[in-house]
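Descriptive structure summary
Take a look at the letters that make up each chain.
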Amino acid sequence: MSYTDQDLKYLELLSTKYPTIASACKEIINLKAILNLPKGTEHFLTDIHGEYEAFNHVLKNGSGVIKQKINEIFGNTLSQKDIKSLSTLIYYPEQKLEIILKEEQNIEDWFKITLYRLVEICRYVSSKYTRSKVRKALPEDFSYIIEELLHEQSDRQDKEEYYSEIIKTIISVGRAKEFIIALSKLIQRLVIDRLHIIGDIYDRGPGAHLIMDTLMNYHSVDIQWGNHDIVWMGAAAGSEACIANVLRICCRYSNLDTVEDGYGINILPLATFAMEHYKDDECLAFMPKAIDQDANEKDAKLIAKMHKAIAMIQFKLEGEIIKRRPYFNMDERLLLHKIDYKEGVITLNGKTYKLKDTYFPTIDPSNPYQLMPEEKELIEKLKSSFLNSEKLQSHVRFLLSNGSMYLKYNSNLLYHGCIPLNKDKTFKKVKLDASGKEYSGKSLLDRLDVLVREAYFNKNDPEAKLYGMDIIWYLWNGSDSPLYGKDKMAVFERYFIEEKETHIERKFYYYELMDEKVCNMIFEDFGLDPKTSHIINGHVPVRIKKGESPIRANGKLLVIDGGFSKAYQAYTGIAGYTLIYNSYGLLLVSHEPFESTIKAIQEEKDILSTYEILEQEAERKRVKDTDNGKKLFAQICDIEMLLDAYRKGLIKEKLAKQVV
Ligand SMILES: O=P(O)(O)OC[C@H]1O[C@](O)(COP(=O)(O)O)[C@@H](O)[C@@H]1O
Ligand SMILES: [Mn+2]
């Protein structure tokens, strides 16, 4: 092997990490060992829509995998009742321990048995990882002792005694409770190696901010932005139209707690404005969809006023964007000037419709898109609250750093919505700015990804920032948006017009055309191997009740929106999917509805999940077959080169630190 000056410079740098022949050899051996381990398990979830409790439960129970593992180990020796209790303890150790400590007669005995069982499960679920990886996952306080228990030598004479001595000590020093919690969390942690969220964390359900907190503390996660995430990202960046949309949806679902308590955003200005301008208006079309138990009718009436007030502001702000960005091609969504305010009707596509609600106190018919000064003042106040919410800003920064428009991961292509296509199954070309430049397929998603980041980060260039924010709004509901995938969002029509024909939102051709050939075209455009790849989407609930299947295009496309969102469960017939990709292949888990965390703990009610194997590997997949494996290979090559350079005398070993 011969080396250029550049190579030697790099190897010199690398030698600071592996300063001796021995250390380089050791690393090569370690990395090669990792390559041969089974591939880590990936879990895919999508369209969680604020359903924090159900989401949290499937993370804790590993989408049912933990109970399966317990059955594999103890199926023949424990009753189903005990398996249920042990599972609940692993899912909710803190809460379950509290109950057990009150009820259990012989707590020492219980601790002893439980610790043995947990160690057994830990050993089982950690067997496919290296010691070093397990060590990194261990809580600091207990890392040494857990390692001892997991890897106690089988040739040790006094093994049993040594083992039970450790457990006895843990109990006698009063640390059993903490130890159980640590082991339970370790088990939860080890069954999911990587979590993929295919978008739509936000809206409808009440706990999006809690889901975000959980994701931020999760060991390994990526997110593909959904339309409902991007609109919150736009709001956090300061897009007024996105702020209005976010608040409108929160009012619609009576979900202002996320905004107020979750993000500390003051909505009093909106309430005051709404009470003043819609004082005598019942705002019937704007009554919230679901009102939580503590809220009363009076609250609902106030929310309806706020809902209407912010919806009208939204229509005006959107009008401004559509006018300043003619290349968005959304003129058809300019509706306010099509209203005949005297007659209370609107004419759309040549047909005149009666409006359900004709009270528009904030609209000047001669200039309907103009915000009133009070509306302007209100949106300014709201914007300042969104920009100053530390929590929201930190969540959105996390979505930016761990998320993207799409992700290629272990030969799967992950994105929330779709890729715009023409009717003839070719990529649709989309113009994003006045230059007339066209983007399609991967280049479209790449460009949008950059613009989203610019909207948030480019504070020095107000023009570029505003453009980025308008693009985010476009991604939320634009007529060629890959995150939205429908020709329009009929928000105005659904509030104001009875005739259902006006409510129709036509889905992109993508959703009818995706056969194997189109999938292959997409794989090629994204640089993926059509033979081994899959596309994984969310966004469109799978109507299982109507005979739809999540498996499309001969298994190349998997649509896994199974309806975590309660609002969609009647429609899908289940309560969400988890796609699992482990070393044996791909399987799809369908979840039954989750009742509540309280019932899961007190009554040990787990989610019932059914498994379907989608693809089985002929040979177990190893780390070397993964993207990470490829990176490790490259690292090994580099270190082998370093080793060669050491041996040829081109680089000197650094045996001890030199004091200069
Ligand atoms: O059920 P709602 O609140 O009226 O929402 C319906 C709106 O949500 C959308 O379905 C978008 O949300 P999804 O991404 O969850 O599909 C729009 O197409 C539609 O206008
Ligand atoms: Mn969606």
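Residues numbered from 1 in each chain as written. Chains lettered and ligands numbered in written order. Predicted model: local features only at pLDDT ≥ 70, side-chain atom pairs only at ≥ 80, totals over all residues.

1. Brief notes about the pairing of strand β3 (residues 221-224)
Looking down a regular strand, the side chains alternate between one sheet face and the other. By the bridge criterion, 3 bridges tie strand β2 (residues 194-197) to β3 in an arrangement that is parallel. In the strand pairing of β3, L195 is matched with V221. Of the crossover connections in this fold, the one passing from β2 over helix α12 (residues 208-216) to the parallel β3 is right-handed. Pairing of β3 with strand β7 (residues 403-404) involves 2 bridges; the strand directions are parallel. When the bridges of β7 are listed, I223 appears paired with G403. (Pairing = 2+ DSSP bridges. Helix = DSSP H or I, 4+ residues; strand = E, 2+ residues; numbered from the N terminus. Right-handed = clockwise from strand over helix to strand, strands pointing away.)

2. Remarks on the site of ligand 1
Near ligand 1 you find D200, N227, H228, R252, K486, M489, A490, R494, E505 and H539, and these make up its full shell. Here the shell around ligand 1 is composed, by residue class, of 2 nonpolar, 3 polar and 5 charged. (Near = placed C-beta within 6 Å. Nonpolar A, V, L, I, M, F, W, Y, C, P; charged D, E, K, R; others polar.)

3. Here we look at the environment of P482
For P482, the location among the structural elements is in the loop between α21 (462-477) and α22 (491-496). P482 sits in the buried class, given 25 other C-beta atoms within 10 Å. Taking the C-alpha atoms as reference points, P482 and K279, separated by 203 residues in sequence, lie 40 Å from one another. Among residues more than four places away in sequence, those in contact with P482 are G417, C418, I419, P420, L444 and L445. (Buried ≥ 20, exposed ≤ 12 C-beta atoms within 10 Å, placed from the backbone. Contact = placed C-beta atoms within 7 Å.)

4. Section: the sheet that holds strand β16 (residues 585-591)
Across the sheet, 7 strands lie side by side as β7-β3-β2-β1-β15-β16-β17; this open sheet has mixed pairing. A single partner strand is all that each edge strand has here, and the edge strands are β7 and β17 (609-616). In this sheet, strand β15 (residues 577-582) lies alongside strand β1 (residues 42-45) in antiparallel orientation, the contact comprising 3 bridges. Directly across from E42, in β15, lies its bridge partner Y581. On the sheet, helix α19 (residues 390-402) packs against β3 and β7 and is oriented at approximately 95° with respect to β3. (Axes fitted to C-alpha atoms, helices over the stretch in contact; angles between N-to-C directions.)

5. Thoughts on the domain arrangement of the protein chain
According to the domain assignment, the protein chain contains domain 1 (5-37 + 635-647), domain 2 (43-48 + 195-200 + 507-624), domain 3 (61-193) and domain 4 (220-503). Here the C-alpha centroids of domain 1 and domain 4 sit 52 Å apart. (Domains from an automatic or database assignment.)

6. Details of the sheet that holds strand β6 (residues 351-354)
Across the sheet, which stays open at both edges, the 3 strands sit in the order β4-β5-β6 with antiparallel pairing between neighbours. Two strands close off the open sheet at either side, each with one partner strand: β4 (339-340) and β6. Two elements, β4 and strand β5 (residues 345-348), share 2 bridges in a ladder whose sense is antiparallel. The residue of β5 that forms the bridge with I339 is I346.

7. Regarding the confidence of the model for the protein chain
When pLDDT is averaged along the protein chain, the result is 93; 98% of the residues meet or exceed 70. The ipTM assigned to the predicted complex is 0.94, against a pTM of 0.94. (pLDDT = per-residue confidence, 0-100.)

8. Overview of the packing of helix α7 (residues 107-126) against helix α10 (residues 159-172)
Contact geometry of α7 with α10 gives a least axis separation of 10 Å together with a crossing angle of 130°. Considered as vectors, α7 and α10 are oriented oblique to each other. Seen from above, α7 lies across α10 with right-handed handedness. Taking contact as the criterion, the partners of E108, F111, K112, L115 and Y116 in α7 are, on α10, I167, I170 and I171. Among the residues making up the contact of α7 with α10, the classes are represented as 6 nonpolar, no polar and 2 charged. (Parallel < 35°, antiparallel > 145°, perpendicular 65-115°, else oblique. Left-handed = near helix turned anticlockwise from the far one by under 90°.)

9. Observations concerning the pairing of β2
Bridging between β1 and β2 involves 4 bridges; their strand directions are parallel. Across the sheet, residue E42 finds its bridge partner in β2, namely R194.

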